[in-house]
Amino acid sequence: MGAPLTLFVDSLFLSPYAMSAYVALTEKQLPFEVRPIDLEAGEQRMQPYQARALTSRVPALTHEGFHLTESSAIAEYLDEAFPAPAHAALYPRDIRSRARARQLQAWLRSDLAALRQERPTETVFYGAAGQPLSDAAHAAAAKLIHVAGSLLSAGRPCLFEDWCIADTDLAVMLRRLFQDDLPDPLRAYADGQWQRPSVQKWLEHNAAARP
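Per-chain numbering applies: the sequence of each chain, read as written, is numbered from 1 onward. In view of the model being predicted, local features appear only for residues whose pLDDT reaches at least 70, and side-chain atom pairs are presented and counted only at 80 or more, with totals across whole chains, interfaces and linings using the full set of residues. Values reported for side chains reflect all heavy atoms of the structure, with hydrogen atoms and water molecules removed beforehand.

> Looking at this model, I keep getting lost on the nonpolar core. Mind explaining?
Generally speaking, nonpolar side chains in soluble globular proteins are found buried as a group. To qualify as a nonpolar core, a set must consist of buried Ala, Val, Leu, Ile, Met, Phe, Trp, Tyr and Cys residues joined through side-chain atoms within 4.5 Å. Here the term buried applies to any residue with accessible area under 20% of the maximum for its type, exposed to any over 50%, and partly exposed to those in between, with areas from a 1.4 Å probe on protein chains only. Of all hydrophobic cores here, the largest spans 58 residues; its most connected members are Leu-78, Leu-144, Leu-170, Leu-174 and Trp-202. Two domains share this core, each providing at least three of its residues, namely domain 1 (5–89) and domain 2 (95–198). The contact definition used throughout considers only heavy atoms, calling two residues in contact when any of these lie within 4.5 Å. For Trp-202, the residues in contact, after removing those within four places along its chain, are Val-9, Asp-10, Phe-13, Leu-14, Ser-15, Ala-18, Met-19, Tyr-22 and Phe-125. Listed in part, the 6 residues of the second largest apolar core include Ile-37, Tyr-49, Ala-53 and Val-58. How far each domain reaches was decided by an automatic or database domain assignment.

This is the structure:
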């Protein structure tokens, strides 16, 4: 299998993107070391981390001297470096479903800014209450619900035939709306995704790191 892998994450285990990379490694059943980075202290801009992480962000993956940032790039790299059937697949085998999963990941990372701002990750992991959503956040929430509802038929536990890493990313975003008006089928889907053992392992780290 080569040298061990190292995953650099935020020290509070609050980043949904670090969570995505952690879940990807766990689902692959790959041995890896977790190295926390103190973002509040600016460790991401210091050496030696900055030399490893090209974009000075978390998560970052190190594998046999190769360093990679950006969670979706990490997931794609892991799926190609450790392919199925020897390791679990992170993306659907069907080319169009795989493209759809990557589309969803890219969209979740680049849109819905108002929702991410008004329902930050403390809402997801700590259950922190927020103020009523602004018009911009309401519009983002409506867009999220429309997209998720279009991709998930009622009662389906996963986006595609089998679980993929995009399920974890979508569940995190949907959980931002758990104190708001989220349709029951989408709430049940996100709850189901939250119970995956790989997600629960991340939540254990998160609970232990709480200030």
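> Would you mind going over the domain arrangement of the protein chain with me for this structure?
When the parts of a complex come together, some accessible area is lost, and that lost area is often used as the size of the interface. If you check the domain split of the protein chain, you get domain 1 (5–89) and domain 2 (95–198). Summarising the inter-unit geometry, the C-alpha centres of domain 1 and domain 2 are found 22 Å apart. Each partner contributes to the interface: domain 1 provides 17 residues, whereas domain 2 provides 17 residues. By buried area we mean how much accessible surface two parts lose on assembly, using a 1.4 Å probe and totalling the loss over both. Roughly 1500 Å² is buried in total at the junction of domain 1 and domain 2, and carbon and sulfur atoms are behind 60% of that figure. By the criterion of area lost to domain 2, the three top residues of domain 1 are Leu-14, Met-19 and Glu-27, representing 35% of everything that side buries. A pair is scored as a salt bridge if a Lys or Arg side-chain nitrogen falls within 4 Å of a carboxyl oxygen belonging to Asp or Glu. If you look at where domain 1 meets domain 2, you find 2 salt bridges. For Arg-196, the salt bridge is made with Glu-27, and the minimal N-O distance between the two is 2.9 Å. The term polar contact refers here to a pair of N or O atoms within 3.5 Å; inside protein, the definition further demands a hydrogen-donor-capable atom paired with an acceptor-capable atom, and it admits residues adjacent in sequence only when both atoms are side-chain atoms. Across the contact surface, domain 1 and domain 2 share 5 residue pairs in polar contact (both at pLDDT 80 or more). Sorting the residues of the side of domain 1 that touches domain 2 by element identifies helix H1 (16–27) and helix H3 (71–81) as the ones contributing at least two each. Where helices and strands are cited, they refer to DSSP runs of H or I of at least four residues and of E of at least two residues respectively, numbered from the N terminus. Tallying contributions element by element places H1 first for the side of domain 1 that touches domain 2, with 9 residues. Here the nonpolar group is Ala, Val, Leu, Ile, Met, Phe, Trp, Tyr, Cys and Pro; Asp, Glu, Lys and Arg are the charged ones; every other residue, Gly included, is treated as polar. When the residues that make up the side of domain 1 that touches domain 2 are grouped by side-chain class, the tally is 10 nonpolar, 4 polar and 3 charged.

> Please explain the pairing of strand S3 (residues 60–63) as it appears in this structure.
Each regular strand shows side chains that alternate between the opposite faces of the sheet. Burial of the side chains of S3 extends over both faces: Ala-60 and Thr-62 are buried on one face and Leu-61 and His-63 on the other. The criterion for strand pairing is that DSSP finds at least two bridges linking the strands in question. Across 4 bridges, the pairing between strand S1 (residues 5–10) and S3 is antiparallel. Among the inter-strand pairings, Phe-8 is bridged to a residue of S3, identified as Ala-60. As defined by bridge partners, S3 adjoins strand S4 (residues 66–69) across 4 bridges and the pair is classed as antiparallel.

> I keep staring at the packing of aromatic side chains and nothing clicks. Help me out?
Centre distance and the angle of the planes are the two values used to describe a pair of aromatic rings. Two aromatic rings from Phe, Tyr or Trp, using only the six-membered ring of Trp, form a pair when their centres are within 6.5 Å; if the ring planes differ by under 30 degrees the pair is stacked, by over 60 it is edge-to-face, and anything between is tilted. Inspection of the entire model under this criterion finds 6 aromatic pairs. Pairwise contacts between aromatic rings join Phe-13, Tyr-22, Phe-32 and Trp-202 into one cluster. Criterion for a charge above a ring: Arg CZ or Lys NZ at most 6 Å from the ring centre, at most 35 degrees from the ring normal. Lying across the ring of Tyr-91, Arg-102 places its NZ or CZ 5.1 Å from the centre. Positioned over the ring face of Phe-178 is Arg-187, at 4.8 Å from the centre of the ring.

> Which parts of the structure should I look at to understand the pattern of salt bridges?
Side chains that differ in charge, positive against negative, can pair when their charged atoms come close. Enumeration according to the criterion identifies 8 salt bridges in this entry. As a salt-bridge pair, Arg-109 and Asp-169 come within 3.1 Å of each other at their nearest N and O atoms. Pair noted here: Arg-109 is in helix H4 (residues 95–110) and Asp-169 is in helix H8 (residues 165–175), with a separation of 60 residues, a long-range link.

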